[in-house]
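Notes for the structure review
If you want the building blocks of each chain, they are given just below.
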Amino acid sequence: MGRIFSGVQPTGNLHLGNYLGAIQNFVTLQQDHDCIYCVVDLHAVTVWQDPAELTHNTREVTAAYLAAGVDPGQCVIFNQSQVSAHAELAWVLNCVARLGWLNRMTQFKEKAGKHKENASVGLYAYPNLMAADILAYKATHVPVGEDQKQHLELTRDIAQKFNNDYGTDCFPIPEPLIFGAATRVMSLRDGRNKMSKSDPSDMSRINMTDEADAIAKKIRKARTDPDPLPGPEALDAEGRIPAEAEQARPEAYNLLGIYAALVDRPLPEVLGEFEGAQFSQFKEVLTDLAVTVLGPVGSDMKRLTGDAAYVDGVLKAGAERAREITQPILHEVHDIVGFLRA
Ligand code: AQP
């Protein structure tokens, strides 16, 4: 595998979905790959961010990477705004991407809601910036949760069109890496919605910095259904949850998926263990596991977030390495496009 790029927005309320769907996979991948992990602050300002909170949240996401085990000695860790190649390449890609492509992006429709006319231009063009993030490093693989699949397909279209338009093979066509037992962690209050930072209900998500009693309360109050837990025969031949089963019992499969991801065991095995159990019994075991796994990460995150000098130093060193990688790629793009470099 070539080069890995991924990022998380510093928009507060980092949660279990961000951890299982993204950050935990970053740690796994760093062992044998060239990895670049970004705190995407330019993406964050596509919706209003209080400046002081944005600074704090940037340090907090960095602290989450470090606390989860991302090693700045092995990977490049930096915040996006410190590396101008992202914004510069995004402009060129704005001129490659088509309006029709962006009009199909479901995340813009969800985030802009009924007030599309009032959404920022940045929110609309967000996927082009994401394409620039990836292509500025000629990254070949992008670990993301399910929700980012459509944006990554757009990146592939943009890379392909740039290469075709200019008759070049400058950009590799990046592949999504969607893996792990929890690629789409759902809300604890409604299993049909994704667990998300912007959900107004804090009870809908387990935050990475939640204390043990908060985790216990959220899991205890998590929505369930009246039936006992299903067994492995409910899964398909590949050990996956069939769509109809998930639709019928979204909360049950969400909690079981979270358990499997946290304990790092295959889903059929977990269903085998809890077949026929009541939710009350299962929730106690899940709580203990969530506290054991997240507790140390959350407390390390808090300690590191408070050590601004250390975190800022990691980001500064990472930004320098990122600039060294992107500068020749940006020069290559300028030459291909025909921008004069005197
Ligand atoms: N619920 C989730 N399950 C699995 N993976 C998830 N990710 C996010 N939510 C889940 C993955 O986390 C990475 C970073 O996400 P992001 O910070 O760039 O933004 P997001 O996807 O917009 O996160 P949220 O929490 O859903 O924020 P809001 O509420 O603002 O929309 C990505 O790899 C993402 O797939």
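Since we're looking at a predicted model, the values are computed, not measured.

Describing the packing of aromatic side chains
Scanning the entire structure with this criterion turns up 11 aromatic pairs. Centre to centre, the rings of F162 and F171 are 4.9 Å apart; their planes meet at 55 degrees, and the pair counts as tilted. Between Y259 and F282 the ring centres are 5.7 Å apart and the planes differ by 55 degrees, which places this aromatic pair in the tilted class. A residue pair is termed long-range when its members are at least 10 positions apart, and Y259 in helix α11 (residues 250-263) and F282 in helix α13 (residues 279-306) qualify at 23 residues. Across this residue pair, the class does not change: Y259 and F282 are buried. One aromatic cluster is present, formed by F5, F78 and Y137 through successive ring pairs.

Section: the packing of α13 against helix α14 (residues 308-337)
The packing of two helices is summarised by the inter-axis angle and the distance between the axes. Here α13 crosses α14 at 85 degrees, and the two axes come no closer than 5 Å. With respect to their mutual orientation, α13 and α14 come out roughly perpendicular. Together, L304, T305 and G306 of α13 and A308, Y310 and V311 of α14 make up the contact between the two elements. Here the contact of α13 with α14 is built from residues that sort into four nonpolar, two polar and no charged.

Thoughts on the site of the ligand
Every one of the 22 residues lining the ligand counts as a neighbour, but D147, K194, S196, K197 and S198 are closest to it. In the model, an oxygen atom of the ligand is placed 3.0 Å from a nitrogen or oxygen of the Q9 main chain. Contacts to the ligand include G17, whose backbone N or O atom sits 3.2 Å from a nitrogen atom. Contact with the protein chains removes 95% of the 650 Å² of surface that the ligand exposes when unbound.

Observations regarding the domain arrangement of the chain
We note that the domain assignment places domain 1 (3-181 + 307-337) and domain 2 (202-304) within the chain. Look at where the C-alpha atoms of domain 1 and domain 2 centre, and you get two points 29 Å apart. Counting from both sides, the interface comprises 19 residues of domain 1 and, opposite them, 17 residues of domain 2. Across the interface of domain 1 and domain 2, roughly 1,500 Å² is buried in total on both sides, 73% from carbon and sulfur atoms. A per-residue breakdown of the area domain 1 buries against domain 2 is headed by L16, Y19 and A67, which together make up 34% of the total. Counting across the domain 1 and domain 2 interface gives zero salt bridges. Linking domain 1 with domain 2 are four residue pairs in polar contact (both at pLDDT 80 or more). Those elements that provide at least two residues to the side of domain 1 that touches domain 2 are α1 (16-30), α3 (51-68) and α14. Looking at side-chain class alone, the side of domain 1 that touches domain 2 contains 14 nonpolar, three polar and two charged residues.

Calculation notes
- Residues numbered from 1 in each chain as written.
- Predicted model: local features only at pLDDT ≥ 70, side-chain atom pairs only at ≥ 80, totals over all residues.
- Heavy atoms only, no water.
- Phe/Tyr/Trp six-rings, centres within 6.5 Å; stacked < 30°, edge-to-face > 60°.
- Helix = DSSP H or I, 4+ residues; strand = E, 2+ residues; numbered from the N terminus.
- Buried < 20%, exposed > 50% of the residue type's maximum accessible area, 1.4 Å probe, protein only.
- Axes fitted to C-alpha atoms, helices over the stretch in contact; angles between N-to-C directions.
- Parallel < 35°, antiparallel > 145°, perpendicular 65-115°, else oblique.
- Contact = heavy atoms within 4.5 Å.
- Nonpolar A, V, L, I, M, F, W, Y, C, P; charged D, E, K, R; others polar.
- Near = heavy atom within 4 Å.
- Polar contact = N/O pair within 3.5 Å; in protein donor to acceptor, adjacent residues only side chain to side chain.
- Areas by Shrake-Rupley, 256 points an atom, 1.4 Å probe, with all protein chains shown as cover.
- Domains from an automatic or database assignment.
- Buried area = accessible area lost by both parts, 1.4 Å probe.
- Salt bridge = Lys/Arg side-chain N within 4 Å of Asp/Glu carboxyl O.

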